[in-house]
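An overview of the molecular structure
The residues making up each chain are set out below.
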Amino acid sequence: MGNKQTTFTEEQLEAFQDCTFFTRKEIQRLHGRYRELAPHLVPLDYTNNPDIRVPLTLIVTMPELKENPFRDRIVETFSEDGHGNLSFNDFVDMFSALCETSPRELKTIYAFRIYDFNRDNFICKEDLKMTLNKLTKGELTPEEVSLVCDKSMEEADLDGDSKLSFSDFENMVSKAPDFLRYQDSAVFIKLPLINNVP
Amino acid sequence: MSSEPQRRGSREAYDYDEGNGYPSEQHALRLRWVSSRASNQSYPQHDLSSTPAEENEEGDSGPPRDLRAIPLPMALKRAVRQVQQMQVPVVSSRQSWRRKRTKSLHELKEKARESLYFFTLWRKSLQKIGGNFGGGVQSYFLFLRFLVVLNFVSFLLIAGFVLIPSIVFRSAGTSLINSTGPDECKVYDPNSQGLVEFYKYFLDLLSGTGFMEYSYLFYGYYSNTMVENRNVSYNIPLAYLFTAIFYFVFCLICIIARMGTTARVAVATGGSAVGNYSVIVFTGWDYGCQGDRATKLKQKNVHYRLQVDLEEESRKKRAAALTLCQKIALYSLRVFMCFVAFGLIIAAFYGIFVATNFSQTKSGEEGILGLFFEYLPSIVITTGNFVVPLLCDQIALLERYTPSTTVIVALLRAVFLRLVSLGVLLFTLWDQITCKGDIDSHDCKLCQYNYKVHPCWETRVGQEMYKLTMFDLLVNIALLVLVEFPRRMVVDNWSSKLAQWVGRQEFVVSTNVLGLVYGQTVVWTGALFCPLLPLINTIKFVLLFYFRKVTLFYNCRPALKTFRSTTSTFFFLVVLTFGWCLATAVMIYSLAEIRPSMGCGPFRFFPSMWSIVPTSFYRLSTITQDFLFFIGSQAFSIPLFALSCVVMCYFIALASVYGKSVALLRAQLKLEGRDKQFLVKQIEKLSRQHQILKHTAGAYE
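The numbers attached to residues start from 1 for each chain and follow its sequence in the written order. Just so you know, chain letters begin at A and ligand numbers begin at 1, following the order they were written in. Local features are withheld for residues below a pLDDT of 70 in this predicted model, meaning they are given only at 70 or higher, and side-chain atom pairs are given and counted only at 80 or more; totals for whole chains, interfaces and linings count all residues. With hydrogens and water excluded, all non-hydrogen atoms of the structure serve as input to the side-chain values.

Defined as follows: UniProt positions are given in the numbering used here, feature names are shortened, and annotations may be inferred rather than shown by experiment.
Looking up chain B in an unreviewed UniProt entry gives the name Transmembrane channel-like protein, with the organism given as Zoarces viviparus. UniProt lists a comment for chain B under the heading Subcellular location (unreviewed entry), and it reads "Membrane".

If you look chain A up in an unreviewed UniProt entry, it shows as Calcium and integrin-binding family member 2 from Zoarces viviparus.

Written out as structure tokens, the structure reads:
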């Protein structure tokens, strides 16, 4: 280390290492990716913690997010202002929470927040409908959509209040076999590209 | 103002869930104003106050573990970290030393885990495949990797105990038993060609004859010697036998261990408690980064899966609504179609039988035609494995099962076809060797096996298995070059309707996995007669991995119909176990029933392969003999059996108790939810009454 201009101080890197699931190299690569999105906006030198936010429209052009139907919701959930403008802290946070090494419980918490479109801490029927429509992009007829939503609600809602609280969601998702093994979900960003960045 | 105590009270009582079930209007509005993440700090499950307290109590778990898993924004996490760090100097020097030690140990573990990742085979490739094509396709490649590792370790086992001692002790050592028996049986001359042409080497390579026949590749080359120097004593035939048996046991243990991890996942998901729809909606997307076309296909995939479930529901309704007459008609149609499918499979078996016999009669041919006749059984098997499932698919359309049942029935038929066709091949070979089981027939009377046709029958069986393996590999290469790449080029560059209808190839996981299981079963059957077959299979599977990966990325599109990843892995391991059982049956029959050839191999003068074990047994010391007798006797085995029954009953009881307690807890959860709602309604009603009272009291004044 120390052959080029330093992006972070030692203690910043240590803080990042302690607070995320990334190593120092990966954090610097992430900074490179972050900078790629808006080279004129993001400085190379982060030692004095500049308060820069990259807007939503640029973040969703990343290859990992471009094809994800929930990209807007994901970025909004991790942004501090709630509108999808990510600072570097939020950016690292997002990838750390959704990467492969993060624990299932953490991902479940964030998945719940992402699926909760109206941010009332419950997944109600409208949230479900929006989720389903984003997933199938209008392939299902409206009757089928409401049938699937009814059935999903019926299956997952344990306390019978016709919406899913976090414990309902967690219970349902933890039983899904694919979720346990491979953690397939629309929300989770697989990171095949982040390790290949030079 | 007066609604404040109500809200605070409810928050205290139900602090595990911030919003209560029926928010009043103001409450809901408040929640909508608060849109930033920081205010969601009182989110469930992560009570920050407990974390530093735990820290001080144990002083053991390092901060990284807790901090990373807290669902807070980075700025808050750093604040927490600073607080934690500031608490450190309060502890004593001894505790700080311990803390530093655990922290460095932790870092060391992380580094070790990272370097272990480096050694895991194909980790990056599998990650890429999973990321681009999803869990179903990734499960195929994981299965393939498991088989590669299994074959390689088995090869090391065989090399260590059989191959290397054979090479080292080739010239040393004395023959175990002196030759008894008629001289005609001992005639075995595999190198009778003389001067051979160059292309014949290539043909020999493919069919295992000629220069390859009398080599370490096949059973016939190993010698019937035992070495007994001053310091080392090695009984090669015994080693050969025990290595073969241990190889089978080792493979079974590996399969069961792997099944255990998969089964744990399958069991943890519970029975039918969680249904299909919610799971598909929330966890159904196989994420990929392949561009717009792939995304549309993924969406169609989710749509397809939902439709499958919807269709099953409507089918069930329709099936319940059938009249008796229609039901009888449907069931008789199904039975008839079952017979038709069965008939097709039997026809395939008969074809294999005829082909094997024909191939044997033509075994003296030279050149390319000879090679064709050698490969005739393999060709018939492969053609049958390809054609019959296609026909069975057409039959399944008439049977009108539900979609999931159709898939399972098709898979079972394919498995049955593949494994039993291999069994038919072996049965035909055995018929030839033992003159159809009739020891006293003219050909077999002298040596108890057909010495004229098969002077060294074990090598012959080994060659047959070797040919099956090679042919499988050749067919895969040929398909890749001649079918898959051209198909993609045609579909991409020629925009006719036919090309679009055919479309790019789909990677069908189940067919590919069945191919792997078939290949592995062939290797298991042949390992006793062709000890280097696991090594050849390792190389074959490694090549197959790269071929499949290339085809996946260049020629395939994401599948429209997908499998549930986890249950299918379990199913594939079960099918692999069936293959193992078939191979074990073959091995036991060869060991116990057929007389080994007198002209070749390590067992040449024994009445059966197994009989070397009693012979060597009586050479052991008396104490060991007595001990082994005791273990085999009833006084030991019956109590052992009873003990294992007791242990098994214990585990079954434990499992059923856990299942029942899970069901009870689930019911309790439901009840508590309803209780909560009831109480909330009561509180609202009371508070409304209280408000009304206050207003009327105020109005009075």
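**Quick notes on the overall build of chain A**
The line we're drawing: Comment: elements are numbered from the N terminus, with helices defined as DSSP H or I runs of at least four residues and strands as E runs of at least two. For every residue, the accessible area (1.4 Å probe, protein chains only) is compared with the maximum for its type, and the residue is labelled buried under 20%, exposed over 50%, or partly exposed between those bounds. Contacts were defined at the residue level, with two residues in contact if any of their heavy atoms lie within 4.5 Å. For accessible areas, the Shrake-Rupley method is used with a probe of radius 1.4 Å. Any residue's cover is judged against the shown protein chains and nothing else.
Broken down by element type, chain A carries eleven helices and zero strands. Ordered by position from the N terminus, the helices and strands of chain A form the series α-α-α-α-α-α-α-α-α-α-α. The buried share among the 198 residues of chain A stands at 59%. For chain A, the share of sequence-separated contacts (at least 6 apart) that also reach a separation of at least 24 residues comes to 56%. With an accessible surface of roughly 7600 Å², chain A has 49% of that area assigned to carbon and sulfur atoms.

**Thoughts on the state of the cysteines**
As used here, a disulfide is simply a covalent bond connecting the sulfur atoms of two cysteines. Residue and element names in this part refer to chain B. Inclusion rule: Disulfides are defined in this document as cysteine sulfur pairs within 2.5 Å.
Summed over the entire model, instances satisfying the criterion amount to one disulfide over all chains. The closest cysteine sulfur to the non-disulfide-bonded Cys 581 is located on Cys 251, 13 Å from its own sulfur. The class for Cys 581 is partly exposed, based on a relative accessible area of 40%.

**Brief notes about the packing of helix α9 (residues 198–207) of chain B against helix α14 (residues 367–374) of chain B**
All names here are of chain B. Definition in use: Axis angles are defined between N-to-C directions and span 0 to 180 degrees, where every axis is a line fitted to C-alpha atoms and, for a helix, only to the segment in contact. Convention used here: angles under 35 degrees read as roughly parallel, angles over 145 as roughly antiparallel, angles from 65 to 115 as roughly perpendicular, and any remaining angle as oblique. Gly is put with the polar residues, along with every residue not named as nonpolar or charged; the nonpolar set is Ala, Val, Leu, Ile, Met, Phe, Trp, Tyr, Cys and Pro, and the charged set is Asp, Glu, Lys and Arg.
As a packed pair, α9 and α14 sit with axes 11 Å apart at the nearest point and diverge in direction by 0 degrees. On the basis of their axis angle, the class for α9 and α14 is roughly parallel. In this structure, α9 uses Tyr 199, Leu 203, Leu 206 and Ser 207 to contact α14, whose residues at the interface are Gly 367, Ile 368, Leu 371 and Glu 374. Classifying every residue of the contact of α9 with α14 gives five nonpolar, two polar and one charged.

**Topic: the packing of aromatic side chains**
Our working rule: Each Phe, Tyr or Trp ring, with Trp reduced to its six-membered ring, pairs with another whose centre is within 6.5 Å; inter-plane angles below 30 degrees give stacked pairs, above 60 give edge-to-face pairs, and intermediate values give tilted ones. Placement of a positive charge over a ring is assigned whenever Lys NZ or Arg CZ falls within 6 Å of the ring centre and within 35 degrees of the normal to the ring plane.
Under the criterion given, the structure shown has 45 aromatic pairs over all chains. Ring centres of Phe 91 of chain A and Phe 95 of chain A lie 5.1 Å apart, and the angle between their planes is 65 degrees; this geometry places the pair in the edge-to-face category. Here Phe 91 of chain A pairs with Phe 95 of chain A, and both are found in helix α6 (residues 88–98), just four residues apart, close to one helical turn. Ring pairs connect the aromatic residues Phe 8, Phe 16, Tyr 34, Tyr 46, Phe 88, Phe 91 and Phe 95 of chain A, which therefore count as one cluster. A cation over a ring is seen here: Arg 78 of chain B above Phe 16 of chain A, with NZ or CZ 4.9 Å from the ring centre. The lysine or arginine in question, Arg 418 of chain B, covers the ring of Tyr 518 of chain B, its NZ or CZ lying 5.9 Å from the ring centre.

**Comments concerning the confidence of the model for chain A**
Residue and element names in this part refer to chain A. Let me state the cut-off plainly: Think of pLDDT as the predictor's per-residue confidence, scored from 0 to 100.
In this model, chain A carries a mean pLDDT of 77, and residues with pLDDT of at least 70 account for 84%. Here helix α11 (residues 177–181) stands out as the least confident element of chain A, with mean pLDDT 49; helix α3 (residues 56–59) is the most confident, with 88. Under a pLDDT of 50 for its full length, residues 180–184 has, in the predicted model, 29 contacts with residues more than four places off or in other chains. Segment residues 189–198: pLDDT under 50, and 32 contacts once partners within four positions in sequence are set aside and those in other chains are kept.

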